[in-house]
Each structure stands twice: as C-alpha cells, then as structure tokens.
Amino acid sequence: ILNVEQSPQSLHVQEGDSTNFTCSFPSSNFYALHWYRWETAKSPEALFVMTLNGDEKKKGRISATLNTKEGYSYLYIKGSQPEDSATYLCAFTGYSTLTFGKGTMLLVSP
Amino acid sequence: GAGVSQSPRYKVAKRGQDVALRCDPISGHVSLFWYQQALGQGPEFLTYFQNEAQLDKSGLPSDRFFAERPEGSVSTLKIQRTQQEDSAVYLCASSLGLLGKKYNSPLHFGNGTRLTVT
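In this text, all values refer to a predicted model and were calculated from it rather than measured experimentally.

Peer 1: Describe the overall build of chain B, with residues and values.
Peer 2: Broken down by element type, chain B carries zero helices and 11 strands. Reading the helices (α) and strands (β) of chain B from amino to carboxyl end gives β-β-β-β-β-β-β-β-β-β-β. For 118 residues, the compact-globule estimate of 2.2 N^0.38 gives 13 Å, and chain B sits close to it at 14 Å. For chain B, the C-alpha atoms occupy an extent of roughly 40 × 30 × 30 Å along the three principal directions. For chain B, buried positions account for 47% of its 118 residues. In the structure as shown, chain B presents an accessible area of about 5800 Å², 47% of it carried by carbon and sulfur atoms.

Below, the structure written as structure tokens:
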C-alpha cells in the first residue's frame, strides 16, 4: 500500500495571505507527481505534473516544487484570494499506480 | 472540446438495488480510471483501463463491483446489491498517458456521480 500524505488536512487563511502545503510520497520507483485543484461542485482540475527532482512549476500565483530524493512536494499560493478556496490534491505515480492523497482543504476568507 | 462526462449526476438507490454508472471519456484518451471518494477522503483507486483492457481492478472493494469498457471508449461501473457503505462520489478520469510508462499526462475528471444508498 502506497502512502501519499498531505498536510495540513485543512487551512483557513485571510485574503492576501500566502500559504503552502505539503505532499509526501514514497521516494522509490517515482515517475511523476500531480497536483489538482478541486472546487466544490466541480471536477478536479490539473494544476501541475512534475517529473524531475528539483523541478519548479508556476501557474499565476500558484507554484510547486518537487524533491524526489526525500519524497515531498510543496504547493505555494501567493496572495490567496477567495476563489482559491478548494481542496488541493496530490497524486503519486509509480510504475503501475496512481495514488491520491486525502487532500488539503483551503478556505480563504475575504 | 467536450470533457469527461458522467451520468447520472446523482443516484439514490435502495439497499439491495443494482446501479450502473456511466463514463464518457475524452475522445482518443487511452487510459480510464474509476475512483471512489467518500466524505472527507481523497479519491480512492478502484480500477484502470487501457483501451478496452482492464489492467488493474485491485481497488474494487468487493465482487459486487464490476467495471467494463468493451469498445475502449465509454465505461460503465456496475454495483450489485448496493449497501449503505457504497454511498460515495464515483469519479471517472481519462488521460492520454499510459500507466507503466513515464506517466506525465494529467488526468481529466468528470463531475462525478454521487450515489446515496438508503
């Protein structure tokens, strides 16, 4: 059983705050690490797919880093807005698996 | 273009009833996944298809769960003799990528089917 852990489980910040959360995954047999945003009443939407150790990706105010040797990825949101409120999921891909974490639920208050 | 479409969006079933959940993936997507998401949990893997071949069904919780993708496009997840613990959101996702390769293709999800067993 693969353990993909996300922390914190939930987070409540004020508009304008910057925030970050963590995804931990097995450091062996790594292929890719995915990040998804899942807004209420919508389907999960891909943010990033990362494959290389040390990789950094950015999409607007959201960025992510990857450390495959120690098995973690950080997702950062700069200057959070209420529309960033969602559950953020990471998924680890090994040879024949694609396993999701339980997600971090972010609430941004105006 | 059209995304992944799932139907029905909501399903209420009496305990013991059989249900069938449909997924229309994005045209040309080889890989198709089914996930079950219980309240407060992340998506849990159920099964994976590569074209019409069901390569992994290790996540199906019991032999009451059955999935098929006979022509390599539309997929159906069938649950026989539903139980209350089957209540969840069932998500379907498709992708251009193939598991077993360098899987760097994102998944495209449908809106899910919320199943409530009473």
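Peer 1: Would you mind going over the sheet that holds strand β8 (residues 72-77) of chain A in detail, with residue names and values included?
Peer 2: Residue and element names in this part refer to chain A. In spatial order, the strands read β1-β3-β8-β7-β6; together these five strands make up an open sheet with antiparallel pairing. Sheet topology places β1 (5-7) and β6 (56-59) at the edges, where each strand pairs with a single neighbour. Neighbouring strand axes in the sheet, compared pairwise and without regard to direction, differ in orientation by 15° on average. Two elements, β1 and strand β3 (residues 19-24), share three bridges in a ladder whose sense is antiparallel. Bridge pairing links S7 to T22 in β3.

Peer 1: Which residues make up the state of the cysteines, and what values do they have?
Peer 2: Residues and elements named next belong to chain A. In this structure the tally under the stated criterion is two disulfides over all chains. Each sulfur in the disulfide pair C23 and C90 lies 2.0 Å from the other. Across the S-S bond linking C23 and C90, the dihedral sits near 75°, which makes this disulfide right-handed. With C23 in strand β3 and C90 in strand β9 (residues 86-93), this residue pair connects regions lying 67 residues apart in the sequence. The two residues C23 and C90 agree in class, both being buried.

Peer 1: Residues and numbers for the pairing of strand β9 (residues 88-95) of chain B, please.
Peer 2: Residue and element names in this part refer to chain B. Summarising burial for β9: eight of the eight residues are buried, a large majority. Alternating positions in β9 separate into two faces, A88, Y90, C92 and S94 on one and V89, L91, A93 and S95 on the other, with burial throughout. Bridge analysis of strand β4 (residues 31-37) against β9 gives seven bridges, and the strand direction is antiparallel. Pairing of Y35 across the sheet is with L91, part of β9. One ladder, built from two bridges, connects β9 with strand β10 (residues 108-109); its direction is antiparallel. Note that in β10 the partner of A93 across the bridge is F109.

Rules of the game
- Residues numbered from 1 in each chain as written.
- Chains lettered and ligands numbered in written order.
- Predicted model: local features only at pLDDT ≥ 70, side-chain atom pairs only at ≥ 80, totals over all residues.
- Heavy atoms only, no water.
- Helix = DSSP H or I, 4+ residues; strand = E, 2+ residues; numbered from the N terminus.
- Rg over C-alpha atoms; globule rule 2.2 N^0.38 Å.
- Buried < 20%, exposed > 50% of the residue type's maximum accessible area, 1.4 Å probe, protein only.
- Areas by Shrake-Rupley, 256 points an atom, 1.4 Å probe, with all protein chains shown as cover.
- Pairing = 2+ DSSP bridges.
- Axes fitted to C-alpha atoms, helices over the stretch in contact; angles between N-to-C directions.
- Disulfide = S-S within 2.5 Å.

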